[in-house]
Structures are given as structure tokens and as C-alpha cells.
Amino acid sequence: MPQFAANLTTLFTELQMIDRFAAAAEAGFTGVEILFPYDIAAQDLYRASVKTGLPIVLINAPPPNWAGGPRGFAAVPGLEDRFRRDFERSLRVAQALRARHIHIMAGRAEGAQALETLVANLSWATDRAPHASLTIEPVNDTDMPGYFLTDYGMAIDVIDRIAAPNLGLQLDTYHAQVITGDMQACWRKVAPLVRHIQIAGHPGRNEPDVGTLDYPALFAELDDWGYRGWVSAEYAPVRTTQSGLGWLHAAG
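Procedures and definitions
- Residues numbered from 1 in each chain as written.
- Predicted model: local features only at pLDDT ≥ 70, side-chain atom pairs only at ≥ 80, totals over all residues.
- Heavy atoms only, no water.
- UniProt positions renumbered as here; feature names shortened; annotations may be inferred.
- Helix = DSSP H or I, 4+ residues; strand = E, 2+ residues; numbered from the N terminus.
- Rg over C-alpha atoms; globule rule 2.2 N^0.38 Å.
- Buried < 20%, exposed > 50% of the residue type's maximum accessible area, 1.4 Å probe, protein only.
- Contact = heavy atoms within 4.5 Å.
- Areas by Shrake-Rupley, 256 points an atom, 1.4 Å probe, with all protein chains shown as cover.
- Lys, Arg positive; Asp, Glu negative; His and termini not counted.
- Charge placed at Lys NZ, Arg CZ, Asp CG, Glu CD.
- Right-handed = clockwise from strand over helix to strand, strands pointing away.
- Pairing = 2+ DSSP bridges.
- Arc of directions from axis to C-beta.
- Polar contact = N/O pair within 3.5 Å; in protein donor to acceptor, adjacent residues only side chain to side chain.
- Axes fitted to C-alpha atoms, helices over the stretch in contact; angles between N-to-C directions.
- Parallel < 35°, antiparallel > 145°, perpendicular 65-115°, else oblique.
- Left-handed = near helix turned anticlockwise from the far one by under 90°.
- Nonpolar A, V, L, I, M, F, W, Y, C, P; charged D, E, K, R; others polar.

An unreviewed UniProt entry lists the protein chain under the name TIM barrel protein, with Paracoccus marcusii given as the organism. Regarding the protein chain, the relevant UniProt record gives this comment under Sequence similarities (unreviewed entry): "Belongs to the hyi family."

Quick look at the structure:
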């Protein structure tokens, strides 16, 4: 079975962030990710990570514009300086947390200039932080209208153009299903590039065992492929997190 991480931004939200580490460990997760860990002291988060034995496997860049603000700048022409400043901050936080991956968000943009901006910014970032594992993730434009990177073919082309060993693909199974209509076929197409996987049910983005997607089959495919990355639970629980963890217990 894959190694499962809990997204502490979306799970155990009845608890303070620091307390979510212990809840995730007790539930059976072996790692965590935090979308935007910028409003809590990094040393406190890292201390909780060490205390519970749960590594922080992913954070998002840039900080922290999730609640109503821009969702990234990597593909936005004219904001290259802001992208670099924000990436530097994300890099410092990731280093303090010993985070395994940094997901670079493209932001809202369109057209050929946006594509060239994305390639240029990612090329700069991979050169700036050769020690860091960077990911990009296609996001469906229904949930996030105007987001630039909504296509797996484009993501593959961008990664191929940059050809940096520290840049890979982040596969969110919910977005993959919305974008392609066949999440498992999408996985098979992009598997060699995938560094990190996030899971959620479809439709609704609830527990993985709520909806149309066959997660036991996906987990078996990951094992057959030899995938050694993390599978992170990034979903909105129907009720409480704890009451919806049957999928995790069944996978174990």
C-alpha cells in the first residue's frame, strides 16, 4: 500500500493546526502536508512534526493568498519579481519545515505569453533551488476559473521543456477526473512524471470512498507501478475527519 499523508489544512479542522499532527498520527497517517503554513511559526510546526514522527511532505507556493486572493503568480506576465520574492519565502519555510515538495501555483492567466512566463519562472526556480523538489499541478477550471494550468498535456510539455531533475508533476485525482473524465487512464499517461499524489472523492471532493472513483484499484496500480511517493488525503470530510476514515483503515 502507498504511504498516506493527511492534508492538515482540510482535515481535523476542529483542532488547532499544531494539534492536528497528533490527531493524524493517531488516525494512522504517516505524513502530513499543509497548503499554506505561513501564519504559524515554522519552528512550532517542525517541532510538532518531530514529536509525532510525521514528516511534512508538501507545502504550496506562494504564501498565502488562498482566501480570496490570487492563487499563484508563476504564469502571470509582469509579476515575475513578485513570483521570485514569494518563492524565496516559500523556500525558506520549506527548508525550516524539512518539507519534501513545494507545489508552485501558476495563477490566473491565459495565452502564449503566460506559457512562456511559466516556463521562465519555473526554469529560474529550478536553478535557484536545485536541492528542492518542485511540483506543478493541473487544476480544473470549474473549481478555479481562470487558472492557467488546466491541462495535463501542457504540464507534460512544460516539464519536458525545462528538463530539470527537481521538477515533477503533482497528480490530484479529483482534478484529474474532472479534467479528463478518466482518472486512472490519466495516471497511466503521466505516471513517470508524478512526484506527489493527492486524493479525494468525485464528485464533491469528500472522502475517497464517497463517489465514483475506484481507489482500491488505484492503490493496487500504484503498487504495481512501484510508486514510492506520498498519497495525500486532501478532501472535505462529510462529517468529522475521524468518522470518514474507513477508506484509510481498509487500505491498511
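Back to the write-up after that little detour.
**Student:** Outline the overall build of the protein chain, listing residues and values.
**Tutor:** Helix and strand content of the protein chain: nine helices and eight strands. Compactness check: the protein chain gives a C-alpha radius of gyration of 17 Å against a globular reference of 18 Å for 252 residues, within 12% of the reference. Over its C-alpha atoms, taken along the principal directions, the protein chain stretches across nearly 45 × 40 × 35 Å. Evaluated residue by residue, the protein chain yields a buried proportion of 56% over its 252 residues. Residue pairs at least 24 apart in sequence account for 77% of intrachain contacts in the protein chain once pairs closer than 6 positions are excluded. Just so you have it, the protein chain exposes about 10,700 Å², and 51% of that area is on carbon and sulfur atoms. For the protein chain, the distance from the average position of its 20 positive side-chain charges to the average position of its 28 negative side-chain charges is 7 Å.

**Student:** Just give me the short version of the pairing of strand S3 (residues 56-61), but keep the residues and values in it.
**Tutor:** The element S3 is extensively covered by neighbouring structure, given that six of its six residues are classed as buried. Remark: the strand S2 (residues 31-33)/helix H2 (residues 42-52)/S3 crossover connection has right-handed handedness. The pairing of S3 with strand S4 (residues 101-104) spans four bridges and is classified as parallel. In the sheet register, Leu58 faces S4, and the bridge partner there is His101.

**Student:** Kindly report on H2, identifying the contributing residues and their values.
**Tutor:** Owing to its 3.6 residues per turn, the α-helix aligns residues three or four sequence positions apart on the same side. All buried positions along H2 are accounted for by Ala42, Leu45, Ala48 and Ser49. The arc that holds every buried residue of H2, seen down its axis, measures 130 degrees, which confines them to one face. Relative to its buried face, H2 has exposed residues pointing more than 90 degrees away, namely Arg47, Val50 and Lys51. Two residues or fewer after H2 comes Gly53, characterised by a positive phi angle close to 75 degrees.

**Student:** Quick one: what's the story with the side chain of Arg205, residue by residue and with numbers?
**Tutor:** Looking at where Arg205 falls in the secondary structure, it is placed in the loop between strand S7 (194-199) and helix H8 (215-225). Taking the relative accessible area as the measure of exposure, Arg205 reaches 16% and is therefore buried. In this structure the side chain of Arg205 is engaged in a polar contact, spanning 2.6 Å, whose partner is the side chain of Asp172. Ignoring sequence-local partners within four residues, the contact set of Arg205 consists of Asp172, Tyr174, His175, Ala200, Glu234, Tyr235 and Ala236.

**Student:** Account for the packing of helix H1 (residues 17-27) against H2, naming residues and giving values.
**Tutor:** At their nearest, the axes of H1 and H2 sit 9 Å apart, and the two run at 15 degrees to each other. Compared by their axis directions, H1 and H2 come out roughly parallel. Here H1 runs over H2; the crossing is right-handed. Seen from H1, the contacting residues are Met17, Ile18, Phe21, Ala22 and Ala25; seen from H2, they are Asp44, Leu45, Ala48, Ser49 and Thr52. Tallied by class, the residues present in the contact of H1 with H2 amount to seven nonpolar, two polar and one charged.

**Student:** Give a description of the sheet that holds S3 that names residues and reports values.
**Tutor:** On the basis of which strands lie adjacent, the closed barrel formed by eight strands has the order S1-S2-S3-S4-S5-S6-S7-S8 and parallel pairing. Taken pair by pair, the neighbouring strands of this sheet meet at an average axis angle of 30 degrees, ignoring direction. Bridge count for strand S1 (residues 3-7) against strand S8 (residues 230-233) is four bridges, and the pairing is parallel. Note on S8: the bridge partner recorded for Gln3 is Trp230. Contacts from H8 reach S1, S7 and S8, with the element oriented near 165 degrees to S7.

**Student:** So what about the packing of helix H7 (residues 183-190) against H8? Which residues, and what values?
**Tutor:** Packed helices, taken two at a time, are described by the angle their axes make and the gap between the axes. Interaxial distance between H7 and H8 falls to 11 Å at its minimum, and their mutual angle equals 15 degrees. Our classification of the angle between H7 and H8 gives roughly parallel. In this structure, H7 meets H8 at a crossing whose hand is right-handed. Side by side, H7 and H8 meet where Met183, Gln184, Trp187 and Arg188 of the first sit next to Ala217, Leu218, Glu221, Leu222 and Trp225 of the second. In terms of residue class, the contact of H7 with H8 is built from six nonpolar, one polar and two charged.

**Student:** How would you sum up the environment of Gln242? Please name residues and give values.
**Tutor:** Tracing the sequence through the fold places Gln242 in the loop between S8 and helix H9 (246-251). Taking the C-alpha atoms as reference, Gln242 lies 22 Å from Val50; in sequence the two are 192 residues apart. In this structure, Gln242 is in contact with Phe12 and Ala27, ignoring residues within four places of it in sequence.

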